[in-house]
Amino acid sequence: MDNFQLFLYIIPLSYLFFKLFSIVDQRRRHQFCYILDYQCFKPNDDRKLSTEFSGEIIRRNKNLGLNEYKFLLKAIVSSGIGEQTYAPRMVFDGRENCPTFDDGISEMEEFFNDSIEKLLRRSGVSPVEIDVLVVNVSMLSVVPSLATRIINRYKMREDVKSYNLTGMGCSASLISINIVQNVFKSRKNLFALVVTSESLSPNWYAGNDRSMILANCLFRSGGCAILLSNKAALKHRAMLKLKCLVRTHHGARDESYGCCLQKEDDDGRVGFYLGKILPNAATRAFVDNFKGLAPKILPVRELLRFTIVSFLKKMIRSKGGRGGGGGLRAAINFKTGVDHFCLHTGGKAVIDGVGKNLNLSEYDLEPARMTLHRFGNTSASSLWYVLGYMEAKKRLKKGDRVLMISFGAGFKCNSCLWEVGRDLVETRENIWDDCIDSYPPETLVNPFMEKYGWINDEDSTTFKAWLEDPTTFKLPDE
């Protein structure tokens, strides 16, 4: 009789536990964050910056002298940027010294109307189905907001949750993803649209401050629209699933805060300042970010190995051992938990620095290097061009883990890990389609030195003659 009574108790308790588990599991499943599709922006070919036209833009800046020309030549030659990047349209109109308010808006609307349209059409999702809209454009703030302009353009629902981010810098994409991730935790069966870009038109620098004119050499036009969902029924369609995201913000540190910012120079010209301590600020943020990221993405065996090796090296040092641990290497091998590295294309030095710190191979760095060469630094959207390169090269297989790393003003370092949901090898529209077969090229050396290297041998007199009439001035090798 006692066993029978116990059995009667077990049945309802088991049912109760099963229901509780189902509820918890159901909530957990709807908290997933899937990328269904994304669309990078490629401006028209009439916005490509050739070597010759780049020289013309620099020559039009009457505030530059011979020393500034030599500085810019060195910066451009070592930048890793090629001849097929894109600039704002007002530069080609010769109005970089006097951009208008409408230049910034039209630059963004050209991107919105192209990429969002293509993304929604290809995915089969109507604008009225979008529940969450996050827009990040750091250096353009308008009223109504850019998010509102998109809502009006595509006639989205009146209850769409919109977020308009400015001032977040090149790390804004992952901040936007984090916002979507948090919204997904509170509501289920949602579609979210993330729109990421940068407006260069009102921020093209026309002065001669070296720390500010450097931005003209690095930043280029671009953007990306990303469609996300937490619908469990769409899991099979998902390209990527978010595993974790870690954000690090060093804004409380004065040096980190002031190393890159939008400001006026001594003559009142607005531009983007890049300080000499920027590499140090980036390294500090990078290290702190990865302290939080490593335990989330690496296998226990790698964390255990690193702990043991670090302990042994510390013990050897404390005993006065020579060489500080001999051949013991106390460095984490991130390749044990990551298959692909999607790095922000902040410049050749940024890519080299991350590669060195993570002990990455040239194969690992190739997507970032090729993106920098083909599209330049497109700010917060650069990560998605790098991802597009991996997809175009058919590198992404189901179950692979992709690590994204971004840096931005503040100073911030944000990173996240994605898991590939399916083999991304089928044919679909990709930003790299028309040129992927030519990458990687035999050399990444751009022709600026060949075209303008003679500047290094000039004096102020002959250089002035070239400025006054470059069409008739005879170069030294002619």
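Above this note sits the structure.
Below: a short report on this structure. Please read these numbers as outputs of a predicted model, since none were measured by experiment. (Residues numbered from 1 in each chain as written. Predicted model: local features only at pLDDT ≥ 70, side-chain atom pairs only at ≥ 80, totals over all residues. Heavy atoms only, no water.)

1. Re the side chain of Ser 123
Right, so step 1: Within the secondary structure, Ser 123 sits in helix 5 (residues 101-123).
Right, so step 2: In terms of polar contacts, Ser 123 uses its side chain to reach the backbone carbonyl oxygen of Leu 119, at 2.9 Å.
Right, so step 3: What Ser 123 contacts, discounting residues up to four positions off in sequence, is Leu 227 and Arg 237. (Helix = DSSP H or I, 4+ residues; strand = E, 2+ residues; numbered from the N terminus. Polar contact = N/O pair within 3.5 Å; in protein donor to acceptor, adjacent residues only side chain to side chain. Contact = heavy atoms within 4.5 Å.)

2. Considering unusual backbone geometry
Right, so step 1: With an omega dihedral of 10°, the bond running from Gly 410 to Phe 411 counts as a cis peptide bond.
Right, so step 2: Secondary-structure assignment places Phe 411 in the loop between strand 10 (401-408) and strand 11 (412-420).
Right, so step 3: In the segment running from Tyr 439 into Pro 440, the intervening peptide bond is cis, with an omega of -5°.
Right, so step 4: For Pro 440, the location among the structural elements is in the loop between strand 11 and helix 15 (448-452).
Right, so step 5: Of note, Lys 155 is a non-glycine position whose phi angle comes to about 50°, a positive value.

3. Comments concerning the pairing of strand 3 (residues 161-165)
Right, so step 1: As judged from the 5 bridges shared by strand 2 (residues 132-137) and strand 3, these two strands associate in the parallel manner. Across the sheet, Val 134 pairs through a bridge with Tyr 163, a residue of strand 3.
Right, so step 2: Traced from strand 2 through helix 6 (residues 146-154) to strand 3, the parallel crossover comes out right-handed. (Pairing = 2+ DSSP bridges. Right-handed = clockwise from strand over helix to strand, strands pointing away.)

4. Considering the sheet that holds strand 11
Right, so step 1: Taken in spatial order, the 9 strands make up an open sheet running 3-2-4-5-1-6-11-10-9, and their pairing is mixed. Only two strands of the sheet have a single neighbouring strand rather than two, namely strand 3 and strand 9 (340-343). Geometrically, the sheet is characterised by an average inter-axis angle of 20° between neighbouring strands, direction not taken into account.
Right, so step 2: Judged from the 9 bridges that link them, strand 6 (residues 240-249) and strand 11 form a sheet pairing that is antiparallel. Note on strand 11: the bridge partner recorded for Cys 244 is Leu 417.
Right, so step 3: Across the sheet, helix 6 is in contact with strand 2, strand 3 and strand 4 (191-197); its angle to strand 2 comes to roughly 130°. (Axes fitted to C-alpha atoms, helices over the stretch in contact; angles between N-to-C directions.)

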